[in-house]
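Take a look at the letters that make up each chain.
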Amino acid sequence: MKQTILFFLLAFMLQPTIAQNTIEIKQWTQSDLQSINMPVFSDVENVNGETFKTSDLLKSSKINFDNKALLWQTINLNTDSVLLNQVPKNNLFILKSYLSVNRWTKGALNLTLNTLFEVYVDNKLVKSKTSSDLKNTKIELKLNSGNHKIEIKAITTDLDVKFAANFEYGDDFKDCNAVASLNSKHFFTIKDALETNNVVMNSISASGKYILVTYSKPISGSGKQINRTVIYDINKKKNVNIFSNKKASRYNWLPKTDRISYIVYNDKKASIYVYDVLSGNEELIAEGIKDLAGISWSPNEKFIVYTDYTEAEKHGILKRIYGSNDRLPYFRNRSYLYKLDIVSKNITRLVAGNFSSNLHDIKADGSKILFSTSRMDYTETPFSKQNLYEMDVNTFEVKTIWKDKLYGGHCQYSPDGKKLLVQGSPECFGKLGVNVSEGRIPNSYDSQLFLYDLATNKAEALTKEFDPAIRSANWLNQKEIYISVVEKDYTNVYRYDLKSKKFNKINLSVDVIKNIDFSKNKALAVYSGVGISTPNKLYLIDLKKKKNEILSFPAADQYKDIQFGKTEDWNFVNKSGTTIYGRIYYPPFYDANKKYPVIVNYYGGTSPISRSFGGRYPANIWAAGGYIVYILQPSGATGFGQDFSALHVNGWGFDAIDDIIDGTKKFLETHPTADKNNVGCIGASYGGYTTMLIQTRTDIFKTAVSHAGISSITSYWGEGYWGYTYNTIAAKFSYPWNRKDIFVENSPIYNADKFKNSILLLHGTADTNVPVGESLQYYAALKVLGKDVEMVLVDGENHWILDYEKRMKWHYTIMSWFDFKLKTQSQQWDNMYPKKNL
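These figures come from a predicted structure and were not determined experimentally.

Further remarks concern the overall build of the chain. The helix and strand inventory of the chain stands at 14 helices and 53 strands. Against the compact-globule benchmark of 28 Å for 838 residues, the chain has a radius of gyration of 31 Å, which places it among compact chains. Reported as C-alpha extents along the three principal axes, the dimensions of the chain are approximately 110 × 70 × 60 Å. For the chain, buried positions account for 54% of its 838 residues. Across the chain, the fraction of contacts at a sequence separation of at least 24, relative to all contacts at a separation of at least 6, is 61%. Per element, the accessible surface of the chain, about 38,700 Å² overall, is 49% carbon and sulfur.

Enumeration over the complete set of coordinates arrives at 56 aromatic pairs. Ring plane angle 40° and centroid distance 6.3 Å describe the contact between Y378 and Y724, whose orientation is recorded as tilted. Highlighted residues: Y378 in the loop between strand 28 (368-376) and strand 29 (384-392) and Y724 in helix 10 (residues 723-730), separated in sequence by 346 residues. Assessed through its relative accessible area of 33%, Y378 is described here as partly exposed. Take Y724: its relative accessible area is 6%, and that puts it in the buried class. The interplanar angle of 45° and the centroid separation of 4.7 Å between the aromatic rings of Y496 and F503 together place this pair among those described as tilted.

This brings us to the pairing of strand 1 (residues 21-24). Along strand 1, the buried face is formed by N21 and I23; none of T22 and E24, which line the opposite face, is buried. Examined bridge by bridge, strand 1 and strand 12 (residues 161-169) share 4 bridges and lie antiparallel to one another. Note on strand 12: the bridge partner recorded for I23 is F167.

Enumeration according to the criterion identifies 2 cavities of 30 Å³ or more in this entry. If you add up the space inside the largest cavity, you get close to 40 Å³. If you go around the largest cavity, the residues you meet are F564, G565, K566, T567, Y585, Y586, P588, N620, A623 and A624. With 3 residues, helix 5 (residues 619-624) is the single largest residue contributor to the lining of the largest cavity. Across the lining of the largest cavity, the residue classes tally to 6 nonpolar, 3 polar and 1 charged. There is about 30 Å³ of room inside the second largest cavity. Lining the second largest cavity are Y602, Y603, P634, A656, I660, Y686 and T690. Split into classes, the residues belonging to the lining of the second largest cavity amount to 6 nonpolar, 1 polar and no charged.

Each neighbour pair has its own omega, and for T381 with P382 the value is 15°, a cis peptide bond. When you line up the elements, P382 lands in the loop between strand 28 and strand 29. Positive phi, normally seen in glycine, also occurs at F41, with a value near 65°. Of the residues examined, F41 reaches a relative accessible area of 65% and is grouped as exposed. With phi around 65°, N90 is a residue other than glycine that occupies positive phi space. Positionally, N90 belongs in the loop between strand 5 (82-84) and strand 6 (91-101).

This brings us to the environment of D158. For D158, the position within the fold is in the loop between strand 11 (146-155) and strand 12. Apart from the residues within four sequence positions on either side, D158 is in contact with V87, N114 and S132.

Another aspect to go through is the sheet that holds strand 25 (residues 337-341). Read across the sheet, 4 strands follow the order 23-24-25-26 without closing on themselves; strand pairing throughout is antiparallel. At either margin of the open sheet sits one strand with a lone partner, and together these are strand 23 (292-297) and strand 26 (347-349). Neighbour to neighbour, the strand axes of the sheet diverge by 25° on average, direction disregarded. Summarising the sheet, strand 23 and strand 24 (residues 303-308) pair through 5 bridges and their orientation is antiparallel. Of the residues in strand 24, the one forming a bridge with G294 is T307.

This brings us to the side chain of S635. With respect to the element layout, S635 can be found in the loop between strand 49 (628-632) and helix 6 (642-645). Note on S635: relative accessible area 4%, which makes it buried. In this structure the side chain of S635 is engaged in a polar contact, spanning 2.5 Å, whose partner is the side chain of D659. Those residues within four positions of S635 in sequence are excluded, and the remaining contacts are N574, I580, Y603, F644, L647, D655, A656 and D659.

Take the pairing of strand 18 (residues 238-243) next. As judged from the 5 bridges shared by strand 17 (residues 224-233) and strand 18, these two strands associate in the antiparallel manner. When the bridges of strand 18 are listed, I231 appears paired with N241. Hairpin connection of strand 17 to strand 18: 4 residues between the antiparallel strands, including K237 at a positive phi of 55°.

To continue, consider the sheet that holds strand 21 (residues 269-276). Read from one edge of the open sheet, 4 strands run 19-20-21-22, paired in antiparallel fashion. Edge strands, defined here as strands with exactly one partner in the open sheet, are strand 19 (248-253) and strand 22 (282-290). Neighbouring strand axes in the sheet, compared pairwise and without regard to direction, differ in orientation by 20° on average.

About the cut-offs
Residues numbered from 1 in each chain as written. Predicted model: local features only at pLDDT ≥ 70, side-chain atom pairs only at ≥ 80, totals over all residues. Heavy atoms only, no water. Helix = DSSP H or I, 4+ residues; strand = E, 2+ residues; numbered from the N terminus. Rg over C-alpha atoms; globule rule 2.2 N^0.38 Å. Buried < 20%, exposed > 50% of the residue type's maximum accessible area, 1.4 Å probe, protein only. Contact = heavy atoms within 4.5 Å. Areas by Shrake-Rupley, 256 points an atom, 1.4 Å probe, with all protein chains shown as cover. Phe/Tyr/Trp six-rings, centres within 6.5 Å; stacked < 30°, edge-to-face > 60°. Pairing = 2+ DSSP bridges. 1 Å grid on protein atoms, 1.4 Å probe; cavity = no way out; pocket = protein on both sides within 12 Å on 5 of 7 lines; lining within 4 Å. Points joined across faces, edges and corners; volume = space filled by probe spheres on them. Nonpolar A, V, L, I, M, F, W, Y, C, P; charged D, E, K, R; others polar. Axes fitted to C-alpha atoms, helices over the stretch in contact; angles between N-to-C directions. Polar contact = N/O pair within 3.5 Å; in protein donor to acceptor, adjacent residues only side chain to side chain.

Take a look at the structure:
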C-alpha cells in the first residue's frame, strides 16, 4: 500500500502544473552519454575560498549541439517519465525538441528534470538549474511566430533520470496553435536574414585559372562577422590557399599575372603586399602610407595609382557655411592621387589643388590616366560641374577632355586607348542620349552608356533605345562590352557587340547579380547572386559554352530546414495603358480556402524593389508571418526605359501613388484569398513619403508604416544633407516658390486633415538624409487632429537601421504593428510598448 502511494506521489511530482492551455512535449531526441571528469584539485579552495562543485561542471562544459559524432535516439516520454535508468553521476547528455506557434505568444516552458541543466531556446541560453531536485522549473518565454528549437544540456547526479515537459499559455493566446514535435523545419526569420553565411567578394585572375573569394560568417547575436578569403583553383576544384591575416583587406588580382595585392592597416597607416599564387611568396610593396583610401594597378603592373583621404582642419565653435554642401561635416575633406613605382618604390604626388581628384582609369599601356575634379555651382542645375583630364604619368602633361560638364560621367579607356566608355545620365551629352516623350524630363538616375572619341571629341549613345538601366560596364576587348543592368526587378548581364551594335543577354543562374568579374585572357567570369527565395551563391560561367557551374553555396546548411512560400509575378495595366510590374509572396502554409491580411510595398526612391533575397524589408519574412505580400514597381522606377523613369521627375504625389492605389484595388479584386478589409502598406524614404501621403488619398489601407518618410518636401529640400541635390532630379527645375502644387499641395503635412485610418512612423534620430523632423512634424499634426498615429524613434541610427540589436527590435516593431492592426493581435505591440500616462 505504501509503495502504491509513493508511486502516485512520484508521478504527481513529475507532472508540471497543467494550465488551461497546455501542450505536453513528449517527443525528444536524446544524445548518447558523455562522461565528464571533475578537474584535478577540485577539492582545493580557490582564492575566494570555494571548491569546484559538480554544479560548476554545467557552466564549464562547452558542447557543440550539432556535433556529428554524437549518437542520437528518439524518445517518447511515458507516464512514469523515467528517462534513464542506473546512470552514474557526471554524465552529460542533450535533449532536443521543437515548439511551433503561429503568432507571437507569451507562455511558460515547464520542465521537471532531476539533473543539473541548461535550457537553450533558438540557441540562446534562457535558464540554468544547479540543483538536482524534482521541483518544476518554470521558464517564461516570448515566442515569435515560427518553429523554435528547444535544447537541454543536462549533467546527471542520480542513478535514475526522470523528465517531463510542457508549454502553457493564457487565453490571450489561445489561437497560437502551439505544436510540439521533432520537425526541424521552420519558416524564414529575421535572425536567419541577419545571420546568413555569405559571399562578400569574388574575382577571377587574368589567366582564368584562379578565383579569389571572401566569405563572411556572422557571429550569432552580435551583429559582427568573421571574414575568410580563399584562393580557389578552377581546374583542381578546391581551395589552394586561405589568407589568415585578420588585418588584411581589399584583396585584388593584379591585371596581368596570377598575383594578389592586399592592404594591411595599422593606426591609419597602410602597407601594400603582393602574394604570388604559384611561388607562394609574399612581397612588401610599400608601407607607412598615411590615410590610404584605395589603390589601382596599372595594366602593365609597373605602378600603382592610389588615393588618400585627408580630413580638413577642425573648425571652431562657429562655422561659416560656404555653399549648401558645406553643411556636410566631411565636405571640406579632400582626396588626391599619387603614383607608386613598383621597382624604385618612389611615391610621386600627381594632383594638388582645391578640389578632390577622382581616378577613372589607367590606359592599357600604362602611359596615361583619366581623372576628374568637380565643383559646386548653385546657379545651374544639377549644381555640380565636372572637369575630366588625361595625364601623361611620365611627363605630367595634362589634357583637358571636357570642362564644367553639367552632367558628368564615369569613364574607362577602350582597349586600344582611342575611345572612352562613359557611364552617366541620359543628359550626359545634351539630348544625344535622351529618349523620353515630349514634355517629360529624363531621370538622371536612369544611367546610360556612351562612346566618346578622343580624336574627334564626338560622342555616340549606346543605350538610348535599351530599356534596362546601367549598373556597371566592362570593356573586355575591342569586340565586346559586358554590361550589368537593372532590368525591371532583375539584375542581369548583357554582352554588347560593337560591330553589330546589338545587346545579347547572358543567361545566368540567379535573379539578381551581386558581383561579377571577367577574366581578361579566358572566356570565363565568376559571379555571385541571389534568387527571390535563395541567398547568395557563387557561380562560374563559361562565356563561350554558355554554361553555368555552381561553385559554392555557403548558406546551404543554414537553409536546409527553412521553408518558403510560393512566389509569382502579377502585373496590371494602369490608367495610362502602361503595364505595372509586380510580384506576390504567399505564406509557406498558404491555404486557398482561407483569407490572409495583405502588406503592400513599393520603391523608396527611383530604383525598383529588386528580387533580392533578404534586405531591410524582407518580403519572405512578412509572408512567413501569415501575410500575402504584394510588391509593385510604380511609375518612375528605373529599369523599365527612360520614358517610364521620367515620371519620377516632378512626380511627387502623382503617378506613382495612383498606380499603388489602383494596383492594390485590382490585386484585391483578382485575389479572393487577400482580405480586402485588412490591408497595410509600407515604404521608406521616398516610399515613406508616399506612405504618409497615400493615407490622405484613400481608405483602402487599414494601416501603414512609414520609415524615414518626408512630410514636407520643402523642409526636406532645405535640411536633408542631399535633399536639394536629390531634387535636382526628383523635382528638376522646381522649387518651393515656383511649384507650390508640388512642395505644398503634395506634401503630406499640408494634407494631414484628410488623413484616414492609422499609421506608424519610424525614424532614426541621427538620420542625415531625411531629418527626423520630417516624422516629428507629421506626428504632431496627426496628434493635434486626433488621428490614429504612433511614432517610434530609433536612437542613434541614420537613414538605415544597421545596429544588430536595434535592427531586430525595429523589425519586430513593424511586425507587431501589422499584427495589431491587421490581425487584431496587440499583445506583442503592447509588450514592446506598454501604455504610459504621460
